[in-house]
Every structure is written in structure tokens, then in C-alpha cells.
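# Summary of the model geometry
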Amino acid sequence: MYVKFTLYLLIGLAVLYVLFLQFKIYQHSHQEQPDQADYLIILGARVKGEKPSLSLQYRIDAAAEYLLKNEQTIAIASGGQGPDEGISEALAIQRGLVLLGVEEERIYLEDRSTSTYENLQYSKEFIDDSNSKGIVVSNSFHLYRAVLMAEEQGMNVTGLPGKTPKISVVQMHVREYAALTKLYLDLLLK
């Protein structure tokens, strides 16, 4: 009887935890972005050869839409080159933005990073004023963690969501729950 109760309690707590995470993910993917932000950081994602993955293309599309309406905002294309990628994620982002009409001179390349934390850390080198307002662009499932990491590094940002490919919604959310749990533990143990 005690074992059964404990099991139900643990399952109930796990369900509540997942619902909490899902609420935070939803909340951060529905934020309002300020007009004329000082900078926009587009976080990298997989590049297939020299072509952005669907996840990365959705980030590029969301960033371009914002940048074309907010001509004072600079773009920081962030992402290194993985061993199976023909070009850096940053270069793929830059090419995609230019194809969609964003002027190349507004785009800075951060092409050393290998993780979300490094994307933000290295992108900060292009930001002159720590009080400036920025926007982080990623897929909707990833924005909550990205904004948390940016704030933890002293950045003043909101999130701008790119769509999440329908084929990977469940997989990406499950992966994100694990990544958020690790981030919470890292922040707790600091």
C-alpha cells in the first residue's frame, strides 16, 4: 500500500513538473518583442551540407521578418561548424537572411560556439552596452531555456520564436525537458 502511494505520488509530481515546463515553454514562445531592439541573436541549429535544417530555416525566417520591420536592429548569427556540416551555422544564417532581403552589413558572425550557452557567451562580444535590449531567436520549444541562459549571463532579452518542425515536436520537447532539468540543477548547484 505504501509503495503504491509513493509510486502514484511520484508519477503525479512528474506530471506536474512536465506541465510546469510546458507552461514556461508556451509562455516564452508567446512574448511580445520590443520594436527596434538593439540586437537580435539568431541561435544556430544543424546545417545539412550548406543548407539550413528546417529548424534553422524557421529561425532565419522569424529573424528576417523582424529585421525587415526594424531596420536599426543588428543581427548576430551565432553557431559554429560541426564535423558533418559544410559551413558554419552562422554563415548559413547570414546567407539565409541576405536571401530574404536583410543587408549583409547588419549581420555579425559568431562562428565559434558549439552550444546554446556558448552562442550567447560569444555573441555578447558584439554587444557594446550591457543595458541594451536584445532578442534571442530560436524555435518555440527552445526559447525558455535560451532566455534563461541569456539572463544568467547578464543579458536583457526577450524571445522571438521560429516554428518547430511538426515532425520533431514530441522529440524536441522531451529533449528540452531533460535539458531544462539539467539547467535547473546547474543553477541550483552554483
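You'll find the structure just up there.
Residues numbered from 1 in each chain as written. Predicted model: local features only at pLDDT ≥ 70, side-chain atom pairs only at ≥ 80, totals over all residues. Heavy atoms only, no water.

### Observations regarding the environment of Leu21
Within the secondary structure, Leu21 sits in helix H1 (residues 2-28). Expressed as a C-alpha distance, the spacing of Leu21 and Ile87, which sit 66 residues apart in the sequence, is 34 Å. For Leu21, the contacting residues outside a window of four places in its chain are Tyr177, Leu180, Thr181 and Tyr184. (Helix = DSSP H or I, 4+ residues; strand = E, 2+ residues; numbered from the N terminus. Contact = heavy atoms within 4.5 Å.)

### Topic: the pattern of salt bridges
With the rule as written, the count across this model stands at seven salt bridges. Among the salt bridges present, the one from Asp84 reaches Arg46, with a minimum N-O distance of 3.7 Å. With Asp84 in the loop between strand S4 (74-78) and helix H3 (89-99) and Arg46 in the loop between strand S1 (39-43) and strand S2 (47-48), the pair connects residues that are 38 residues apart, well separated along the chain. In this structure, Glu65 and Lys69 form a salt bridge, with 3.4 Å as the shortest nitrogen-oxygen distance. Here Glu65 and its partner Lys69 are both found in helix H2 (residues 54-69), four residues apart, which amounts to about one turn of the helix. (Salt bridge = Lys/Arg side-chain N within 4 Å of Asp/Glu carboxyl O.)

### A few points about the environment of Gln171
Tracing the backbone through its elements, the reader meets Gln171 in helix H6 (residues 169-188). Residues Gln171 and Ala64, 107 residues apart in the sequence, show an inter-C-alpha distance of 26 Å.

### Comments concerning a nonpolar patch on the surface
A contiguous nonpolar surface patch, about 1000 Å² in accessible area, is contributed by Phe5, Leu7, Tyr8, Leu9, Leu10, Ile11, Leu13, Val15, Leu16 and Leu19. Of note, Leu13 is situated in helix H1. (Patch = residues over 30% accessible without salt bridge, like charges linked within 9 Å, V, L, I, M, F, W, Y side chains within 5 Å. Areas by Shrake-Rupley, 256 points an atom, 1.4 Å probe, with all protein chains shown as cover.)

### Some words on the packing of H1 against H6
Two elements in contact, H1 and H6, have axes whose closest approach is 11 Å; the angle formed by their N-to-C orientations is 95°. In terms of their interaxial angle, H1 and H6 are classed as roughly perpendicular. On H6, the residues that touch Tyr17, Val18, Phe20, Leu21, Gln22 and Ile25 of H1 are His173, Glu176, Tyr177, Leu180, Thr181 and Tyr184. A per-class count over the contact of H1 with H6 returns eight nonpolar, three polar and one charged. (Axes fitted to C-alpha atoms, helices over the stretch in contact; angles between N-to-C directions. Parallel < 35°, antiparallel > 145°, perpendicular 65-115°, else oblique. Nonpolar A, V, L, I, M, F, W, Y, C, P; charged D, E, K, R; others polar.)

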